[in-house]
Amino acid sequence: MIAGVAFAREYGLDLSVRSGGHNVAGFATNDDGIVLDLASMNDVRIDPDRRVARIGGGTMFGDLDRAAWDFGLATPDGIISTTGVSGLGLGGGFGHLSRRFGLVIDNLRAADVVTADGRLVHATAEENSDLYWAIRGGGGNFGVVTAMELDLHEVPTVYGGPIFYPASESERVMRFYREFMASAPRDLSAFFAFHIAPPAPFVPEHLHGHTACAIVVSYTGPLDGAEEALRPVREAAPVALDLAGPIPYPDLNSMFDDLLPHGLRHYWKADFVSELTDDAIAIHVEHGPNVPTVQSLMHLYPLDGAVHDVASNGTAFSHRDVKFVHIIAGIDADAGAMPAHRDWVRAYWSALHPHSLPGGYVNFLMDEGQDRVEATYRQNYGRLSRTKRTWDPANVFHMNQNILPAVDS
Ligand SMILES: Cc1cc2nc3c(=O)[nH]c(=O)nc-3n(C[C@H](O)[C@H](O)[C@H](O)COP(=O)(O)OP(=O)(O)OC[C@H]3O[C@@H](n4cnc5c(N)ncnc54)[C@H](O)[C@@H]3O)c2cc1C
């Protein structure tokens, strides 16, 4: 790893760092440069007494989830288990457990980092604390993370899965979702989705190919209280298909893996949202049901609860005061179909953007320009830029949503 960084620096080559290979901006690869692929650095050690996982920099969430599950433990992750812990985590990282236990970075105790000058350093709250602050949201800008220590939490069998409604009910369901999440306890997470029902064995044939909206729930409270906690969700509108129930956490987190394998074409646009207004709901109801393929989607994730426990300048991730983040994704195996899917994404996102915040989520950004990167980090950009100057003044790590090294002294 150290030699790879030194080689790229010495010869002025583009340097990509790859763990899960999921980033749709495509920074984990490049032409004519170097790719440091961490896939083989995927060892996972669980310390059940300290409730800490030590993982290699190329670990996938599925490997971490399954190892922790053996001890009845888990840590916040994304909703697809084949995503890399480092790539998702260094940008912030949210999923089913975030309302209760925060972002991935809020659970990052320590990291080993190979820096631009070829050193291996340890970053914690006490040691290299500026680097520790910056990597928690700053993505791959500050070095190659070769190992991480993450907090683990007791997570017994959860109650989770999607509950689908006909797309014709989407306005009613989305309005319900907004009110429901406003008072939901932290052990209840749920995201709203538009999807086309896939021809999967668990979907009744009469629904195949039909567009639906869904609330995907994850309840980590006592199992005997789950049905009651989720009763309002089931009563929000006539239910087309109910797949929620008791499930081991690693199974919930890999439930949608088959829908989104590697190798598909993606076009994404996303934004943070302070309030889900009536106007925004009307836009969702107009565009969401036109979701073009079974892989394509609109997801609206909650970003509150424990995520708000950390100050906006407590880590590089600045959007601690928003309620939701939405993502509109056109996804297909067929390259020829992508222009039409892109048009759907752009029209939907452009209508919603005036109701959203200017910056995006660094892990959902495509190539959207330097202004958008700065808007993403908001008040933290200046400090990040100065920290970049300290740790990577020549911008060796530029294959990412790039934070430019500060030029003033
Ligand atoms: C199907 C799918 C589902 C997703 N679901 C969620 C979700 O639920 N929640 C969420 O928050 N995000 C989600 N994302 C977005 C995800 O966070 C980003 O795509 C993320 O960049 C993926 O990380 P990766 O390691 O898999 O990707 P990679 O492409 O391997 O890495 C992405 C970038 O991260 C940096 N990086 C990766 N590893 C390292 C390392 N070890 N050291 C330093 N830098 C590194 C590099 O800059 C690299 O270009 C999802 C993405 C996909 C495709």
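Everything below is about the structure printed above this text.
Residues numbered from 1 in each chain as written. Predicted model: local features only at pLDDT ≥ 70, side-chain atom pairs only at ≥ 80, totals over all residues. Heavy atoms only, no water.

With that settled, consider the overall build of the protein chain. Within the protein chain, the secondary structure is distributed over twelve helices and 17 strands. Scaling as 2.2 N^0.38, a compact globule of 409 residues should have a C-alpha radius of gyration of about 22 Å, and the protein chain matches this with 21 Å. Here the protein chain holds 409 residues, and 59% of them are scored as buried. Considering only intrachain contacts with a sequence separation of at least 6, the fraction spanning at least 24 residues in the protein chain is 72%. Within the structure as shown, the protein chain displays about 15,900 Å² of accessible surface, and the carbon and sulfur contribution to it stands at 51%. (Helix = DSSP H or I, 4+ residues; strand = E, 2+ residues; numbered from the N terminus. Rg over C-alpha atoms; globule rule 2.2 N^0.38 Å. Buried < 20%, exposed > 50% of the residue type's maximum accessible area, 1.4 Å probe, protein only. Contact = heavy atoms within 4.5 Å. Areas by Shrake-Rupley, 256 points an atom, 1.4 Å probe, with all protein chains shown as cover.)

Inspection of the entire model under this criterion finds 27 salt bridges. For Asp151, the salt bridge identified is with Arg109, shortest N-O distance 2.4 Å. Of the two residues, Asp151 sits in strand S8 (residues 144-151) while Arg109 sits in strand S6 (residues 108-114), which places them 42 residues apart along the sequence. Overall, the relative accessible area of 33% leaves Arg109 in the partly exposed class. Between Asp242 and Arg234 there is a salt bridge, with its nearest N and O atoms 2.5 Å apart. With a relative accessible area of 33%, Asp242 lands in the partly exposed category. Linked by salt bridges that have partners in common, Asp47, Arg50, Arg54, Asp112 and Glu149 make up one network. (Salt bridge = Lys/Arg side-chain N within 4 Å of Asp/Glu carboxyl O.)

The next subject is the nonpolar core. Core analysis: the biggest nonpolar cluster contains 79 residues, and Tyr165, Tyr177, Phe192, Ile215, Val233, Leu303 and Phe364 have the highest contact counts within it. Here Val233 is in contact with Ile163, Tyr165, Phe176, Phe180, Ile215 and Val217, once residues within four sequence places are set aside. If you look at the next biggest cluster of nonpolar residues, it comprises 34 residues, including Val104, Ala111, Leu131 and Ile403. (Core = buried A, V, L, I, M, F, W, Y, C linked by side-chain atoms within 4.5 Å.)

Next up on the list: the sheet that holds strand S3 (residues 44-47). Read from one edge to the other, the open sheet built from five strands follows the order S3-S4-S8-S6-S7, with strand pairing classed as antiparallel. At either end of the open sheet lies a strand with only one pairing partner, and these are S3 and strand S7 (120-123). Strand-to-strand twist in this sheet, taken as the mean axis angle between neighbours without regard to direction, amounts to 15°. The pairing of S3 with strand S4 (residues 52-56) spans four bridges and is antiparallel. Paired with Val44 across the two strands is Ile55, which belongs to S4. (Pairing = 2+ DSSP bridges. Axes fitted to C-alpha atoms, helices over the stretch in contact; angles between N-to-C directions.)

Before going further, it helps to examine the site of the ligand. With respect to spatial proximity, 33 residues lie near the ligand, and among them Ser19, Gly21, Phe94, Val145 and Tyr361 are the closest. Gly84 places a main-chain nitrogen or oxygen 2.9 Å from an oxygen atom of the ligand. Note that a nitrogen atom of the ligand is positioned 2.8 Å from one of the backbone N or O atoms of Val145. Protein coverage of the free-state accessible area of the ligand, which is 950 Å², stands at 96%. Secondary-structure elements contributing two or more residues to the shell around the ligand are strand S1 (15-18), helix H3 (85-90) and S8. (Near = heavy atom within 4 Å. Polar contact = N/O pair within 3.5 Å; in protein donor to acceptor, adjacent residues only side chain to side chain.)

Right, let's talk about the pairing of strand S10 (residues 158-166) for a bit. Most of S10 is tucked away: eight of the nine residues are buried. Pairing of S10 with strand S14 (residues 245-247), which is carried by three bridges, proceeds in the antiparallel orientation. Residue pairing in the sheet places Tyr159 in a bridge with Pro246 of S14. Note that S10 and strand S12 (residues 211-219) share eight bridges and pair antiparallel. Looking across to S12, one finds that Gly161 is bridged to Val217. Examined bridge by bridge, S10 and strand S13 (residues 241-242) share two bridges and lie antiparallel to one another. By the bridge assignment for S13, Ile163 is matched with Asp242.

Our focus in this paragraph is the packing of aromatic side chains. Scanning the entire structure with this criterion turns up 16 aromatic pairs. Aromatic pair Phe176 and Phe180: ring centres 5.2 Å apart, planes at 20°, arrangement stacked. Taken together, the residues span about one helical turn, with Phe176 and Phe180 both in helix H6 (residues 170-183) at a distance of four residues. Residue Phe176 is classed as buried on the basis of its relative accessible area of 18%. Taken together, the ring pairs in this structure connect Phe94, Phe191, Trp268, Phe272, Tyr301, Phe317, Tyr361 and Phe364 into an aromatic cluster. Over the ring of Tyr132 we find Arg136, and its NZ or CZ is 3.7 Å from the ring centre. Residue placement shows Arg342 over the ring face of Tyr267; its charged tip is 5.9 Å from the ring centre. (Phe/Tyr/Trp six-rings, centres within 6.5 Å; stacked < 30°, edge-to-face > 60°. Lys NZ or Arg CZ within 6 Å of the ring centre and 35° of its normal.)

This next bit is on the pairing of S6. The buried fraction of S6 is high, at six of seven residues. Pairing of S6 with S8 involves six bridges; the strand directions are antiparallel. Bridging from a neighbouring strand, Leu108 pairs with Leu150 of S8. Following S6, the chain reverses through five residues before pairing antiparallel with S7; Gly118 in that reversal takes a positive phi of roughly 85°.

Quick look at H6 now. An ideal rise of 1.5 Å per residue puts 20 Å on 14 residues; H6 measures up with 20 Å between its terminal C-alpha atoms. Turning to H6, its buried residues number three or more, namely Ser170, Val173, Met174, Phe176, Tyr177, Arg178, Phe180 and Met181. (Expected span 1.5 Å × (residues − 1).)

The next subject is the side chain of Asp257. Locating Asp257 in the fold gives a position in the loop between helix H8 (249-254) and strand S15 (265-273). No salt bridge is formed by the buried Asp257; the nearest opposite charge belongs to Arg66, separated by 6.5 Å. Aside from chain neighbours lying at most four places away, what touches Asp257 is Ile80, Ser81 and Thr82. (Lys, Arg positive; Asp, Glu negative; His and termini not counted.)

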